[in-house]
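# Observations on the three-dimensional arrangement
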Amino acid sequence: MWSYTVQTYDPGRKATSHPEMNESFHSMKRPSAWELRRDCFVAHVQNQGTYNLEKLEEGPVFGYIVDKSNRTVTVSVYPGPPVKARLCYKQRFMCDDLESPAITLINTSWAVTATLHFSFALPCLCVEVFYLQSDALRQQVMIFQDYILPSGHDFMHSSTFKVSHHSEDEMSLTIYSKCSLNPSVSLCWREDRSVGILCQEFAHSTLAGSDDSVYRVTGIDKHPQMCFKVSFAGSDRIECPHNIEPVWNVEVTTEYLLFHLYIDTSILASFNAVLCSRQLSNDSCEPVVPVHTITKSLTSENKTLHMVLNAPVQGLCVQIWRSDVPFAGNRTICPDCTKGRLGLIASLLMIGVIMILIGFLFSYAWIQSYLSATNWTDIPLLLVYSADSEEYVSLICTLASLLREQFCCQVRLDCWDHAGLAQLGPLPWLYRQQQVIKNQHGRILLVWSQGSQTLYENWKKSSRYLEWPVAGLDTGVIFQAALACIHSDLQKGAGTEYSLLYFSRLYNKYSLPEVFKQIPQYNLSEQLGELLMDIQGRAFSKNSCLKITAGILTYRVAHSDIGQKLKERTELCSALLDGKKVKETKGVPECNQSDRPLISSSKKEIMDKMTVI
């Protein structure tokens, strides 16, 4: 029931009314006058009454508010009969429902507003309001008609696109959209089917659509990478064909600086090919040599065309395309020349590894053969030392046994030749050994220690400096006599047969007298292998394996039984030198029983044996 104030402009049945509305409807378009026609009613001036409107020939008056962010439309109507409101897409002759129909009943007895939701903001989106009568007039308003849409995103996502191929050089794009719009459609070539890869648009390829939104094009190179580019309101969409096979394929092989192109085609076509240099800055390929052309004609019997391109440098790519159609994409192929190079490198590396292994095996065999006792030359050696203590003499005997048993050397040691000493005396015995060493190109090994340093200093201070010491006056007579010989030879520039040995734990080489620094020096704790190689150097020529062999020798000696024994006796002498109390050890400091040494703790017995003559 509506309340009216009726004003009559003439005695007829026409009257104007002004509804009492809420101020919230101020945005709605209101009619200037409503016309009521009643066959049995005559309105008088200033007459008031209540009337029931049973039939309306005009549609309802309404207003609406659009919330773009929430994608809603709020519809407002005048109080009165109930109405229906819905959203739809306006076509030529009808208005289609949304994907999720948006329709509601507004019962003005309870509310005069209703909210409808939509998914896509399209230019043809309408709000439609009508009474419930079957023949009621439906009022429609296109809510975005006066708006400029910010992008074509909604158009792209609300439409369906279908690409079809009709022949070898013809295809079409059909757009099924909610609105009759006119997007821009052109051809493009996508280098990669990956999402997000740009599609290179062909020049002058914009297509005109038919009334049913079909865009057709001829003269194309049929290929999955030949695509349509759809543009609308600043938004683009790429549509490419699916499940189609290209009408031709190409395979590129490399042979040094030659590219072989094998084109397999099922149609009559012409092809252009060119070498190009890949530009990483703009992802293009710049041609570097002239374009080559090949054609398959009716008379061609072979299905495969062969083309050879000369590549002046490495790292080039190949571009090939059809030249007999206006729209053809360039297929850029960069042969993986690294495969061949990698194979060559792998082969060379394998050969290198094999050669290294062979060299290692030969070296190992040579070292093993070199280290075997049968290949060691029987070189005479004379050990000269100072008898610092019984333990030290035992250490010297162990060193002599190692040189004799492990490396087949003819070791000459005073405590091993008591018969010779007794027969000749210490000085003649020493002189005779020196002569044998020089005649047989042997070596004289001077083992230096703190006792040797003391004897040398005493010898230099004596009146017999540079002369032979008198026999029987001192237990170090042989050592002093050897010092005199070595000192004399070194001053004359001779003495190539001399080597100086020391144990690092028993002597500091930096205290060595200056005159003895001219001869080779060896730390027996670390350089025993180098000493042995130097001794054998007179029989074996120097080569690159000697240093490795010396290291192996040192390692083998250090881990052998006699090497461990040598180490133990060195530690014993070092402890005694430092003044530490050493536990008694069985067999120490006596030498090996087979050596039969002449060691005694009595100075008198030593004097008697050395001065027997």
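Look up a bit, the structure's there.
Attention in this report is confined to the structure presented alongside it. (Residues numbered from 1 in each chain as written. Predicted model: local features only at pLDDT ≥ 70, side-chain atom pairs only at ≥ 80, totals over all residues. Heavy atoms only, no water.)

### Brief notes about the sheet that holds strand β10 (residues 160-167)
Formally: Two strands are counted as paired when DSSP detects at least two bridges linking them. Counting from the N terminus, the helices are the DSSP runs of H or I reaching at least four residues and the strands are the DSSP runs of E reaching at least two. Inter-axis angles, ranging from 0 to 180 degrees, are taken between N-to-C directions of lines fitted to C-alpha atoms, where helices are fitted over the stretch in contact.
Taken together, 3 strands build an open sheet; the order of strands is β10-β11-β14 and the sheet is antiparallel. Each end of this open sheet is capped by a strand with a single partner; those strands are β10 and β14 (214-218). Shown here is a sheet whose adjacent strand axes are inclined to one another by a mean of 15 degrees, direction ignored. Pairing geometry for β10 and strand β11 (residues 170-176), over 7 bridges, is antiparallel. Bridge assignment links K162 to a residue of β11, and that residue is T174.

### Some details on the environment of P246
The condition that has to hold: Any residue under 20% of the maximum accessible area for its type is buried, any over 50% is exposed, and the rest in between are partly exposed; the area is computed with a 1.4 Å probe on protein chains only.
Examined against the element boundaries, P246 turns out to sit in the loop between β16 (235-239) and β17 (248-255). Under the relative-accessibility criterion, P246 is labelled buried at 17%. Sequence separation of P246 and T265 is 19 residues, and the distance between their C-alpha atoms is 9.0 Å.

### Re the packing of aromatic side chains
What counts here: Only Phe, Tyr and Trp rings take part, Trp by its six-membered ring, and two of them pair if their centres are within 6.5 Å. Stacked means planes under 30 degrees apart, edge-to-face means over 60, and tilted covers everything else. Whether a charge sits over a ring comes down to the Lys NZ or Arg CZ being within 6 Å of the ring centre and within 35 degrees of the ring normal.
Throughout the structure, instances matching the rule amount to 9 aromatic pairs. Plain terms: the ring middles of Y456 and W459 are 6.0 Å apart, the flat faces sit at 40 degrees to each other, and that makes the pair tilted. In this pair, Y456 and W459 are both assigned in helix α6 (residues 450-461), 3 residues apart and thus about one turn of the helix distant. Ring geometry for Y456 versus F516: centroids 5.4 Å apart, planes at 70 degrees, classification edge-to-face. Separated by 60 residues along the polypeptide, Y456 in helix α6 and F516 in the loop between β28 (498-502) and β29 (521-523) bring together distant segments of the chain. We note that Y456, like F516, is buried. Members of the aromatic cluster, connected to one another through ring pairs, are W448, Y456, W459, F479 and F516. Above the plane of the ring of W416 lies R404, whose end atom (NZ or CZ) is 4.5 Å from the centre.

### Comments concerning unusual backbone geometry
One non-glycine residue, H204, adopts positive backbone phi at about 55 degrees. Its place among the elements puts H204 in the loop between β13 (199-201) and β14. Unlike most non-glycine residues, N243 shows phi in positive territory, near 55 degrees. With respect to the helices and strands, N243 occurs in the loop between β16 and β17.

### Comments concerning a nonpolar patch on the surface
Stated precisely, the cut-off is as follows: For patch detection, residues must exceed 30% relative accessible area and be free of salt bridges, and they are connected within 9 Å for like charges or within 5 Å for nonpolar side chains (Val, Leu, Ile, Met, Phe, Trp, Tyr). Every accessible area reported is derived by Shrake-Rupley at a probe size of 1.4 Å, with residue values counting cover from the shown protein chains alone. We count a salt bridge whenever a side-chain nitrogen from Lys or Arg sits within 4 Å of a carboxyl oxygen from Asp or Glu.
A contiguous nonpolar surface patch, about 740 Å² in accessible area, is contributed by L348, M350, I351, I354, M355, I358 and F362. You can see L348 is positioned in helix α2 (residues 337-371). A relative accessible area of 52% places L348 in the exposed class.

### Some words on the state of the cysteines
Put simply, the test is: We call a pair of cysteine sulfur atoms a disulfide whenever their separation is within 2.5 Å.
Inspection of every chain in the model, using the stated rule, returns 6 disulfides. For C227, the disulfide goes to C240, at an S-S distance of 1.9 Å. One quick way to see it: the torsion about the S-S bond of C227 and C240 is about 100 degrees, and its sign makes the bridge right-handed. Of the two residues, C227 is situated in strand β15 (residues 226-232) and C240 in the loop between β16 and β17; the sequence distance between them amounts to 13 residues. Between the sulfur atoms of C276 and its disulfide mate C285 the distance is 1.9 Å. Across the S-S bond linking C276 and C285, the dihedral sits near 80 degrees, which makes this disulfide right-handed. You'll find C276 and C285 in the same group, each marked buried. Cysteines bonded in the protein are numbered consecutively along the chain; their disulfide partners then correspond to 1-2, 3-4, 5-6, 7-8, 9-10, 11-12. Looking at C126, it has no disulfide partner, and the nearest cysteine sulfur is the one in C95, 4.5 Å off.

By themselves, these figures tell us nothing about what the structure is for.
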